[in-house]
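Descriptive structure summary
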Amino acid sequence: MDQTEYEEDILYRKLSSVQTMIEDGNTSEKDLLEQICSLLEIILRDNWWEVGGRISRSKTMFGTGYKARYELVKNNMDIKTVKGKGRLLLKHILDLGILTKVIGVMTTLGMYPPSTLLGTPSGSQATLSLARSVDRHSWTGLDLTNWCWLDMTWTLPVEESHELVPASDLGVYITLVEGKPVVTSVQAGSVAAEDDKVEVGDVITHINDECVMGMNSTDKICRLLNKGKGKPITIKVTKCFDPASQEIFPPLVPLLKKINIDVEELQRKYFFTKRGKCVKKKADDNDDEFNPLDDDDDGNDNNRPGYTCLYLGSVNVGSRGDVERIEFGMKKVMTLSPAGDGHPSILQLHDIDLKLVRLSTSDLVFKFTYPQIASCGRLVQKPNYFAFITEPDPASCQSGYMCHVFYGPRVDQVKDLLA
């Protein structure tokens, strides 16, 4: 089997796999959309936008709504690349339910050469079979206005729109990175900070329904804000963190690194403080919003007040347990621990000992008496991270001192804990 045959075989397998996903109905619509569109983009190849223009002039497409949607995408000046325009056009085709008709026009008019999948009878039939399954699917979340990132990715971000009350200063500080207004700081107590409407790492995409992406200066943002002074301001933001995937929106990662935002620390912070909202929602959509920082008061002794934290792990720091070994141990654990890794826990300080229990189950993770703790401390550069070192435990055949590392959501709590 040569390279071309191998690649064609993979495409056939992928076509079958995606069609099965559609018919099974067990895949989330967001994931299904990404799988379908990514596959279609490979099949339709790099000249898809050009082919889409030719299809708009075909009499076969009259009365389908295709031409109007093509023109709508064509005139969207905020999408800069033909790849981005082609992606949005595909979403519109799915919305109209005419993918079968579009594929049929392409194969009938011979728009693809025999060396491509759509240029062969078997390939075009396999693609048409997929298209029929796609057209039968009832889409509820295509979100045709969520197109700001299609130049870069098929992955849809979490987008939120907010109307902010009139204020002399929104309390948001931004930096332009590759034309995107990235939030670098939010003033505590400001209208933007209320209910986490705008957070560090978010990208402001629209102000009063005008797109502010793709700029080379902040002049337009300043002009829009000054124009609306003393009036409510509507903003649309791409959220940095998606509680469903428990990750920072992937296209944002290189942008954040360019302006020296610590991506790993931001990921860890949002993972810790926000992931519970998604977990609780899945468990019971009727419950109040869940916050993993809140203590459950269910009468269980293990759930009494303590310090809520993210337990990152432990490492052997050798034959010394003095405070100078704290930084060594912390950096080693943080290097080995992925940004989203860690166990939400409660650190409880009792009269004679210290206990760590899991936040979700109240199971005991470990317990140490205070004489067993050799030293404790935190990183000056990253004050949310702290650790303590325990003495060797002959009973467990532990030969060296162990450094136990944590992330605390609030610096003042960490300071209080170590005092």
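Quick summary incoming for the structure in this document. For clarity, every value in this text was computed on a predicted model and none was experimentally measured. (Residues numbered from 1 in each chain as written. Predicted model: local features only at pLDDT ≥ 70, side-chain atom pairs only at ≥ 80, totals over all residues. Heavy atoms only, no water.)

The terminal C-alpha atoms of helix α5 (residues 82-96), which comprises 15 residues, lie 21 Å apart, in line with the 21 Å expected from a rise of 1.5 Å per residue. With eleven of its 15 residues buried, α5 lies for the most part within the structure. Buried within α5 are the following residues: Gly84, Lys85, Gly86, Arg87, Leu88, Leu89, Leu90, Lys91, His92, Ile93 and Leu94. Elements in contact with the buried residues of α5: α2 (29-44), α3 (48-56), α4 (66-74), α6 (99-108) and α7 (121-136). Of the residues flanking the end of α5, it is glycine 97, one or two places downstream, whose phi is positive at about 70°. (Helix = DSSP H or I, 4+ residues; strand = E, 2+ residues; numbered from the N terminus. Expected span 1.5 Å × (residues − 1). Buried < 20%, exposed > 50% of the residue type's maximum accessible area, 1.4 Å probe, protein only. Contact = heavy atoms within 4.5 Å.)

A general trend in soluble globular proteins is that nonpolar side chains are found buried together. Counting residues in hydrophobic clusters, the biggest one holds 66 residues, and the most contacted among them are Trp48, Ile55, Tyr66 and Met106. Looking at which element gives the most residues to this core, the answer is α2, with eight residues. Excluding residues within four positions of it along the chain, tyrosine 66 makes contact with Trp48, Gly52, Ile55, Ser56, Met61, Leu89, Ile93, Leu96, Ile98 and Val102. Membership of the second largest hydrophobic core comes to 17 residues, among which are Ile326, Met334, Ile389 and Cys403. (Core = buried A, V, L, I, M, F, W, Y, C linked by side-chain atoms within 4.5 Å.)

So, about the packing of aromatic side chains. Evaluation of the coordinates by the stated rule reveals eleven aromatic pairs. Taking the centre distance of 5.4 Å and the plane angle of 40° together, the rings of tyrosine 311 and phenylalanine 406 count as tilted. Placement of the pair is tyrosine 311 in strand β9 (residues 307-318) and phenylalanine 406 in strand β15 (residues 401-407), with a sequence separation of 95 residues. Aromatic pair phenylalanine 366 and phenylalanine 368: ring centres 5.0 Å apart, planes at 50°, arrangement tilted. By relative accessible area, which is 11% here, phenylalanine 366 ends up buried. Chaining the aromatic ring pairs together yields one cluster made of Tyr311, Phe366, Phe368, Phe386, Phe388 and Phe406. (Phe/Tyr/Trp six-rings, centres within 6.5 Å; stacked < 30°, edge-to-face > 60°.)

This brings us to the packing of α3 against α5. Relative to each other, α3 and α5 sit at 50°, their axes nearing to 8 Å. When the axis of α3 is compared with that of α5, the two are oblique. The hand of the α3/α5 crossing is left-handed. Along the contact surface, α3 presents Trp48, Trp49 and Gly52, while α5 presents Val82, Lys85, Gly86, Leu89, Leu90 and Ile93. Classifying every residue of the contact of α3 with α5 gives six nonpolar, two polar and one charged. (Axes fitted to C-alpha atoms, helices over the stretch in contact; angles between N-to-C directions. Parallel < 35°, antiparallel > 145°, perpendicular 65-115°, else oblique. Left-handed = near helix turned anticlockwise from the far one by under 90°. Nonpolar A, V, L, I, M, F, W, Y, C, P; charged D, E, K, R; others polar.)

So, about the sheet that holds strand β10 (residues 343-349). If you walk across this open sheet you meet the seven strands as β12-β11-β10-β9-β15-β14-β13, and the pairing is antiparallel. The sheet is open, and its two borders are formed by β12 (364-369) and β13 (373-378), each paired with just one other strand. Averaged over all adjacent pairs, the angle separating strand axes in this sheet is 30°, with direction ignored. With seven bridges connecting them, β9 and β15 associate as antiparallel partners. Bridge pairing links asparagine 316 to methionine 402 in β15. The strands touched by helix α11 (residues 324-336) are β9, β13, β14 (385-390) and β15; relative to β9, the strand with the most contacts, the crossing angle is about 105°. Strand contacts of helix α12 (residues 411-418): β9, β10, β13 and β14, with the helix running at about 155° to β13, the strand carrying the most contacts. (Pairing = 2+ DSSP bridges.)

Glancing now at the environment of serine 245. Relative to the helices and strands, serine 245 resides in the loop between β7 (241-242) and β8 (247-248). With relative accessibility at 39%, the residue serine 245 sits in the partly exposed group. Between the alpha carbons of serine 245 and phenylalanine 271 there is a distance of 9.7 Å; along the sequence they are 26 residues apart.

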